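Residue strings, one per chain:
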2 protein chains.
Amino acid sequence: MSRVGDTLFFETPVGVETWAAAVGTKEGEGPLGSCFDYVARENRFGKKTWEQAESRMVEIACETALNKAGLTPSRLDCALGGDLLNQCISTGYAMRGVGVPYFGLYGACSTMAESLILGAALVSGGFAQRTLCLASSHFCSAERQYRYPLEYGGQRPPSAQWTATASGAVVLHGGPAPVGITAATAGRIYDPGVTDSANMGAAMAQSAYETLRTFFRDSGQQPADFDLIVTGDLAAIGRDIVIELFRRDGVELDGRYQDCGMLLYDESQDAHAGASGCGCSAAVLCGRLLPDLAAGKLKKVLFCGTGALMSPTSSNQGESIPGICHLLRLEANL
Amino acid sequence: MSRVGDTLFFETPVGVETWAAAVGTKEGEGPLGSCFDYVARENRFGKKTWEQAESRMVEIACETALNKAGLTPSRLDCALGGDLLNQCISTGYAMRGVGVPYFGLYGACSTMAESLILGAALVSGGFAQRTLCLASSHFCSAERQYRYPLEYGGQRPPSAQWTATASGAVVLHGGPAPVGITAATAGRIYDPGVTDSANMGAAMAQSAYETLRTFFRDSGQQPADFDLIVTGDLAAIGRDIVIELFRRDGVELDGRYQDCGMLLYDESQDAHAGASGCGCSAAVLCGRLLPDLAAGKLKKVLFCGTGALMSPTSSNQGESIPGICHLLRLEANL
């Protein structure tokens, strides 16, 4: 392992051993529907409340990831993860049953990437042989917490995003694996002053730009070195801002740059600017990117989790929305 | 570094380079009042809202810790921390100004210990030369979020704890330091089925017992090997449960076991069972334990951060309260 600037380079790649995505009905009906390991028949996942439903979805993602590799929880040295709910209860309650040492994270929608960076460091440094990294969100628990109860039927502006009902779970280890994490850039907080909590993409775009720029500086690589650069949940507005910010530097991203928030739903699904939520990038990673890397359809990918570090309280108090972006370089193990 | 069970052993201790505690007025009037680096004259810390006040308190703790060692934020490779507020906004907004790579954590009141374990691993593994670890809580922001607005004047049962207005910041590095982290046990979640959110100490006690037992098993050490074993915020009821659980195993803790929640206030301060909150253990660590270790008054300490991974929503839904406890072994650098 070596470090340049904010970027860690894992000369011995950290292995992505197994993974799984569990999603809700709307995500199952979207363009990636067939990619996910588990699609709910109904969004309560058999539970009485939305929060318990989200927790059950997290459990399903974890159980599925472990089962795919024939692992039991006892083979895990620790778990790192989180979600959007107050006090991160969907992950906490899910981890109660898994019973492994647990590090709770709060990185808003960047949580999947945050957990992979810390998990990769723990594995690379020999602190853990095997870590479980996870993140989730649920449209219904998020709506009533961040906006309005569903029954209220609140109107949403076109800039608003749709919180994905989705969860991803990834197991990292030090052994051979179809995909490796070969570098990681931990993000700093950037706040371009956006105060409209219905325009999160704009609030997070600068952080994505800055973290990508930091990675390119630290690594000496450029966009053309990658098959795909993917941000977490900037959706239509934020994605365009990132492209424009790089154009000002004379760098063209379009053609090899996508955003998970624009992959999860199609236009007929009325998701406005696109998807958001911790589960968005987590499920696209586990449902689409990792399988494509494992199959050799993709060789080198930059996965950039983006998060908005605000709350309804801070927005009500007039605060602007700070963004953060954590980056992983993923490579097919050829 | 070596690993046995859930415990990491740092043969080369991770150095605790500098630290600081910033607290509110009530904490300043308590038995440890003279120990803290900064005591507020008023609990709004010059801000308009309780949340912004908490954020300012976090900034003060960080600035003070850095100033004590003549460091600037540019010397930090990353920060790890969190708090009790929804979406951890007090830490997020404080870190916006510090401008270093940031990993947000949610470990409830165990956050200080969680940040120290992850920070120590990052330093020990060479992933960071210097990390900032922090945690905070504020009575007024916590009361209105978890219980009632202050103006309501809600009654509290004797088992209730008083959320500390307090923040601690610690800088870890790989160089020489007055105090070293020599081992760490990452906690698992235990849930003894307590559903009374006014009795958090009872909910968290088992996790403290289990993590301590795990550490003693993994290390081959016993309570008598330590000058002090200290839990985060179990307060009167939880502390007694831990003592009783160990007595059933034939192990006597009393005499060398204290709880931060019982150190922060005296009986005249009407704090019921004692103190709680992320800031409780963080401030006692930075105000009392680390200075006593640095001065050689203490040689070997087990610092056990305890957290309750619930939310008002999960309690309203009838869920019991899962507890977690992360442990650090701190040793004076003689």
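Scroll up to find the structure.
All figures in this text were calculated on a predicted structure; none of them were measured in a lab.

The rules behind these values
- Residues numbered from 1 in each chain as written.
- Chains lettered and ligands numbered in written order.
- Predicted model: local features only at pLDDT ≥ 70, side-chain atom pairs only at ≥ 80, totals over all residues.
- Heavy atoms only, no water.
- Helix = DSSP H or I, 4+ residues; strand = E, 2+ residues; numbered from the N terminus.
- Rg over C-alpha atoms; globule rule 2.2 N^0.38 Å.
- Buried < 20%, exposed > 50% of the residue type's maximum accessible area, 1.4 Å probe, protein only.
- Lys, Arg positive; Asp, Glu negative; His and termini not counted.
- Charge placed at Lys NZ, Arg CZ, Asp CG, Glu CD.
- Contact = heavy atoms within 4.5 Å.
- Buried area = accessible area lost by both parts, 1.4 Å probe.
- Salt bridge = Lys/Arg side-chain N within 4 Å of Asp/Glu carboxyl O.
- Least-squares fit on C-alpha atoms with pLDDT ≥ 70 in both.
- Phe/Tyr/Trp six-rings, centres within 6.5 Å; stacked < 30°, edge-to-face > 60°.
- Polar contact = N/O pair within 3.5 Å; in protein donor to acceptor, adjacent residues only side chain to side chain.
- Core = buried A, V, L, I, M, F, W, Y, C linked by side-chain atoms within 4.5 Å.
- Expected span 1.5 Å × (residues − 1).
- Arc of directions from axis to C-beta.
- Disulfide = S-S within 2.5 Å.
- Pairing = 2+ DSSP bridges.

Lay out the overall build of chain A in plain terms, naming residues and giving numbers.
Scanning chain A for helices and strands turns up 9 helices and 15 strands. What you see for chain A is a C-alpha radius of gyration of 18 Å, in line with the 20 Å of a compact globule of 334 residues. Taken along its principal axes, the extent of the C-alpha atoms in chain A is 50 × 50 × 35 Å. Among the 334 residues that make up chain A, the fraction classed as buried is 66%. Considering chain A, the positive charge centre built from 26 side chains and the negative charge centre built from 35 side chains are found 4 Å apart.

Tell me about the interface of chain B and chain A, residues and numbers included.
Counting residues at the interface gives 60 residues for chain B and 60 residues for chain A. Carbon and sulfur atoms make up 59% of the surface buried where chain B meets chain A, a total of about 4,700 Å² over both sides. Summed over the three residues of chain B that lose the most area to chain A, namely B:Gln87, B:Arg96 and B:Phe127, the buried surface amounts to 17% of that side. Remark: the boundary between chain B and chain A carries 6 salt bridges. In this structure, A:Arg3 engages B:Asp77 in a salt bridge whose closest nitrogen and oxygen atoms are separated by 3.1 Å.

Which residues make up the relation of the copies chain B and chain A, and what values do they have?
Structural alignment of chain B on chain A gives an RMSD of 0.0 Å, achieved by rotating through 180 degrees and translating 0.0 Å along the axis. Read as a symmetry element, the transformation amounts to a two-fold axis. Take the interface residues of chain B: 100% of them recur as interface residues in chain A, which is what a same-surface contact looks like.

Tell me about the packing of aromatic side chains, and please be specific about residues and values.
Per the stated rule, a full pass over the model turns up 16 aromatic pairs over all chains. With 6.2 Å between their ring centres and 25 degrees between their planes, B:Tyr38 and B:Phe45 make a pair best called stacked. Residue classification places B:Phe45 among the buried positions, given a relative accessible area of 9%. Put simply, the rings of A:Tyr209, A:Phe215, A:Phe216, A:Phe226 and A:Phe246 touch in pairs and so form one group of aromatic residues.

Describe the pattern of salt bridges, with residues and values.
This model, assessed by the stated rule, comprises 42 salt bridges over all chains. Across the salt bridge formed by A:Glu252 and A:Arg247, the nearest N and O atoms sit 2.9 Å from each other. The closest approach of N and O atoms between B:Arg239 and B:Asp254, which form a salt bridge, is 3.1 Å. Placement of the pair is B:Arg239 in helix α7 (residues 235–248) and B:Asp254 in the loop between α7 and β12 (257–259), with a sequence separation of 15 residues. Given a relative accessible area of 15%, B:Arg239 falls into the buried group. B:Asp254 gets classed as partly exposed once you look at its relative accessible area, which sits at 39%. Within this structure, A:Arg239, A:Asp240, A:Arg247, A:Glu252 and A:Asp254 form a network of salt bridges that share partners.

Can you explain the side chain of A:Ser320? Please cite residues and give values.
Relative to the elements of secondary structure, A:Ser320 occurs in the loop between α9 (312–316) and β15 (323–332). For A:Ser320, a relative accessible area of 13% gives the class buried. Polar side-chain contacts of A:Ser320 include one of 2.7 Å to the side chain of A:Asp191. Within the structure, the side chain of A:Ser320 is placed 3.3 Å from the side chain of B:Arg96, a separation counted as a polar contact. Residues contacting A:Ser320, with those up to four places away along its chain left out, are A:Asp191, A:Gly193, A:Val194, A:Thr195, B:Tyr93 and B:Arg96.

Run through the environment of B:Lys300, naming residues and quoting values.
All names here are of chain B. By the element assignment, Lys 300 lies in strand β14 (residues 300–308). With 108 residues separating them along the chain, Lys 300 and Pro 192 place their C-alpha atoms 30 Å apart. Ignoring sequence-local partners within four residues, the contact set of Lys 300 consists of Asp 225, Phe 226, Asp 227, Leu 228, Leu 293, Leu 330 and Glu 331. A polar atom in the side chain of Lys 300 sits 2.7 Å from the side chain of Glu 331.

Describe in detail the environment of A:Tyr190, supporting the description with residues and values.
Residues and elements named next belong to chain A. One can find Tyr 190 in strand β10 (residues 189–190). Sequence-wise, Tyr 190 and Thr 211 are 21 residues apart; in three dimensions their C-alpha atoms are separated by 9.8 Å. Setting aside its immediate chain neighbours within four residues, Tyr 190 contacts Gln 206, Ser 207, Glu 210, Ile 321, Pro 322 and Gly 323.

Any details on unusual backbone geometry? Residues and values, ideally.
Residue and element names in this part refer to chain A. Even without being glycine, Ala 108 reaches a positive phi, approximately 50 degrees. Topologically, Ala 108 is positioned in the loop between β5 (102–104) and α4 (111–124). Residue Ala 108 is classed as buried on the basis of its relative accessible area of 1%. Here Ala 235, not a glycine, exhibits a phi torsion of approximately 60 degrees, which is positive. Of note, Ala 235 is situated in helix α7 (residues 235–248). Overall, Ala 235 belongs to the buried group, its relative accessible area being 0%.

Which residues make up the nonpolar core, and what values go with them?
In this structure, A:Met95, B:Met95 and B:Phe303 are the most contacted members of the largest nonpolar core, which totals 191 residues. If near-sequence neighbours (up to four positions away) are discounted, B:Phe303 is found in contact with B:Met112, B:Ala113, B:Leu116, B:Val230, B:Cys260, B:Ser281, B:Leu285, B:Leu289, B:His326, B:Leu327, B:Leu328 and B:Leu330.

Tell me what's going on with α7(B), and back it up with residues and numbers.
Residue and element names in this part refer to chain B. Taking 1.5 Å per residue as the helical rise, α7 with its 14 residues ought to reach 20 Å, and the 20 Å between its terminal C-alpha atoms agrees with that figure. Every buried residue of α7 is listed here: Ala 235, Gly 238, Arg 239, Val 242, Ile 243, Leu 245 and Phe 246. An end-on view of α7 places all buried positions within 160 degrees of arc, on one side of the element. As for α7, its buried residues are in contact with α6 (200–219), β12 and β13 (275–276). Gly 250, located one to two residues past α7, shows a positive phi value of around 80 degrees.

Residue-level account of the state of the cysteines, with values.
Residues and elements named next belong to chain B. Per the counting criterion, the structure on display carries 0 disulfides over all chains. Between Cys 286, a cysteine without a disulfide, and Cys 133, which holds the nearest cysteine sulfur, the sulfur-to-sulfur distance is 9.8 Å. Note on Cys 286: relative accessible area 1%, which makes it buried.

Can you explain helix α3 (residues 89–98) of chain A? Please cite residues and give values.
Owing to its 3.6 residues per turn, the α-helix brings residues three or four apart onto one side. Among the 10 residues of α3(A), 8 are classified as buried, and the element is accordingly described as predominantly covered. Buried positions along α3(A) lie against α2 (50–68), β4 (78–83), β5 and β6 (130–137) of chain A together with β10 (189–190) and α9 (312–316) of chain B. Of the residues trailing α3(A), A:Gly99 is marked for its positive phi of about 70 degrees.

Describe the pairing of strand β15 (residues 323–332) of chain B, and please don't skip the residues or the numbers.
Consecutive side chains along a regular strand alternate between the two faces of the sheet. Residues and elements named next belong to chain B. Counted residue by residue, β15 has 10 buried out of 10 residues, so it is predominantly covered. Burial along β15 is two-sided: the residues Gly 323, Cys 325, Leu 327, Arg 329 and Glu 331 and Ile 324, His 326, Leu 328, Leu 330 and Ala 332 are all buried. Pairing geometry for strand β9 (residues 179–185) and β15, over 6 bridges, is antiparallel. If you follow Val 179 over to β15, its bridge partner there is Ala 332. The pairing of β14 with β15 spans 9 bridges and is antiparallel. Within β15, the residue paired with Ala 308 across the bridge is Gly 323.

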